[in-house]
Amino acid sequence: IGAGPPPAPQGAPPGQAGQPAQPMMPPQMMMMQQQEMQLQQQDQMQKTQDIARSSLMQWYLNYTLSELDLKTECRLAVDEAMIKGAGCLFTEIYSPKGSQQKLVGTFFDTIDNVVFDPDAERRMDSKWMARRCCHPRWQVEQEYGLQPGSLKGVAESYDAQASVMADDNGDYNRKRGLTNDLVVYWKIYSKMGIGARLTGVAEKFRETLDKFGDYCLIVVAEGCPYPLNVPPDQINAAGPSAEQDIMKRLEWPTPFWMDDNWPCTIVEFHPVPRQLWPMSHFKPAMGMLKFLNW
């Protein structure tokens, strides 16, 4: 019969009899080890969140491609770019009729409605751009919260022309300007404020206008003495809340300026150095096309 294991030394913890004592880790190393484990956990959580975000973004983008018919919009822009030299696609927020759901989509608009700062040689160096819009008078008044009848139409829709032809007093009403039901207005996206830095602006107005910052949206219409997005009741209001409301109305709908960009994508195939306007895809072959047609 053996003598059995040697007796445990005095003060040894139970279960460790006969085992050599392990050296204790210094407190600083323990803290570093804990911090490293926490960082690894945070990194793993961040990766999980990134995977979830990317999956949601992938689903959303694939959904909007079909829902907002991006293929048709892009084809229109490509066709115009081949013929005129440039096509235009505006990225904006879209809400389906009768729904409060908001989607971000990209939609075609003819390049004829787009104007860039002519003083710049590259679009990225432009200080402003403008987009021409034409909509029914009631729609513009409703969009910008204006009183009905506050805007004056400058053009006739096909419906208005048909009504004029069917009305005995149509020509008389047309001469008085009562048949114009379309409003032509411009959305000006500015990276130089709302006009304080233009030549000829009085010094007494500069300090007031500079309060609204560099990146502003100004909506103007022919014959209207005030911006459509800042009606007179807002201009004449006083107090800090009124000033904040005006600044909110002057903001870009989407802050593309944070990427030093514009709210539209220009489709072009042949950029021309030191010129804003690219060359048409057919321009080099125009002589041959004319000869073949002849």
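The model shown is predicted, which means the values in this text are computed figures rather than measured ones. (Residues numbered from 1 in each chain as written. Predicted model: local features only at pLDDT ≥ 70, side-chain atom pairs only at ≥ 80, totals over all residues. Heavy atoms only, no water.)

## Brief notes about the pattern of salt bridges
Considering all chains together, one arrives at 11 salt bridges under this definition. Taking the shortest distance from any N to any O, the salt bridge between E268 and R123 comes out at 2.9 Å. Taken together, the positions of E268 in the loop between β7 (264-267) and α9 (286-293) and R123 in the loop between β3 (114-116) and β4 (128-136) put the pair 145 residues apart, joining distant regions of the chain. The exposure class of E268 is partly exposed, given its relative accessible area of 28%. (Salt bridge = Lys/Arg side-chain N within 4 Å of Asp/Glu carboxyl O. Helix = DSSP H or I, 4+ residues; strand = E, 2+ residues; numbered from the N terminus. Buried < 20%, exposed > 50% of the residue type's maximum accessible area, 1.4 Å probe, protein only.)

## Observations concerning the layout of surface pockets
In this model, the largest pocket occupies a volume close to 1100 Å³. As for the largest pocket, its lining consists of 33 residues, of which E92, I93, E143, Y144 and K187 are closest to the centre. For the lining of the largest pocket, the secondary structure elements donating two or more residues are β1 (87-94), β4, α3 (137-143), β5 (182-190), β6 (216-221) and α8 (240-249). Residues of the lining of the largest pocket, tallied by class, amount to 16 nonpolar, seven polar and 10 charged. Computed from the structure, the second largest pocket encloses a volume of approximately 390 Å³. Forming the walls of the second largest pocket are 18 residues, and the residues nearest its centre are I194, F212, V230, I235 and I246. Elements represented by at least two residues in the lining of the second largest pocket include exactly α6 (203-209) and α8. The biggest single contributor to the lining of the second largest pocket is α8, with three residues. (1 Å grid on protein atoms, 1.4 Å probe; cavity = no way out; pocket = protein on both sides within 12 Å on 5 of 7 lines; lining within 4 Å. Points joined across faces, edges and corners; volume = space filled by probe spheres on them. Nonpolar A, V, L, I, M, F, W, Y, C, P; charged D, E, K, R; others polar.)

## Looking at the sheet that holds β5
One open sheet accounts for four strands, arranged β3-β4-β5-β6; its pairing is antiparallel. The strands lining the two open edges of the sheet, one partner per strand, are β3 and β6. Recorded for the sheet is a direction-independent mean angle of 20 degrees between the axes of neighbouring strands. Here nine bridges tie β4 to β5, and the two strands are oriented antiparallel to one another. Paired with M129 across the strands is Y189, a residue of β5. (Pairing = 2+ DSSP bridges. Axes fitted to C-alpha atoms, helices over the stretch in contact; angles between N-to-C directions.)

## Things to note about the side chain of E73
Counting through the fold element by element, E73 comes out in helix α2 (residues 70-84). At 8.6 Å, R131 is the nearest oppositely charged side chain to E73, a buried residue that forms no salt bridge. For E73, the side chain forms a polar contact with the main-chain nitrogen of F108, separated by 2.7 Å. In this structure, E73 is in contact with L68, L89, T106, F107 and F108, ignoring residues within four places of it in sequence. (Lys, Arg positive; Asp, Glu negative; His and termini not counted. Polar contact = N/O pair within 3.5 Å; in protein donor to acceptor, adjacent residues only side chain to side chain. Contact = heavy atoms within 4.5 Å.)

## Concerning the packing of aromatic side chains
Enumeration according to the criterion identifies eight aromatic pairs in this entry. Their ring planes at 0 degrees and their centres at 5.5 Å tell us that W59 and Y63 sit as a pair that is stacked. Of the two residues, W59 and Y63 both sit in helix α1 (residues 27-67), four residues apart, roughly one turn of that helix. Residue W59 is classed as exposed on the basis of its relative accessible area of 57%. Between Y144 and Y185, the aromatic rings sit 6.3 Å apart at their centres with planes inclined by 85 degrees, giving edge-to-face as the arrangement. Here Y185 lies in strand β5 and Y144 lies in the loop between α3 and α4 (158-166), a separation of 41 residues in the sequence. (Phe/Tyr/Trp six-rings, centres within 6.5 Å; stacked < 30°, edge-to-face > 60°.)

## Considerations on a nonpolar patch on the surface
A cluster of nonpolar side chains, namely I83, F282, M286, M288, L289, F291, L292 and W294, defines an oily patch on the protein surface of about 940 Å² accessible area. Considering each element in turn, the nonpolar patch owes the most residues, five residues, to α9. With respect to the element layout, L289 can be found in helix α9. Classification of L289 by relative accessible area gives partly exposed; the value is 36%. (Patch = residues over 30% accessible without salt bridge, like charges linked within 9 Å, V, L, I, M, F, W, Y side chains within 5 Å. Areas by Shrake-Rupley, 256 points an atom, 1.4 Å probe, with all protein chains shown as cover.)

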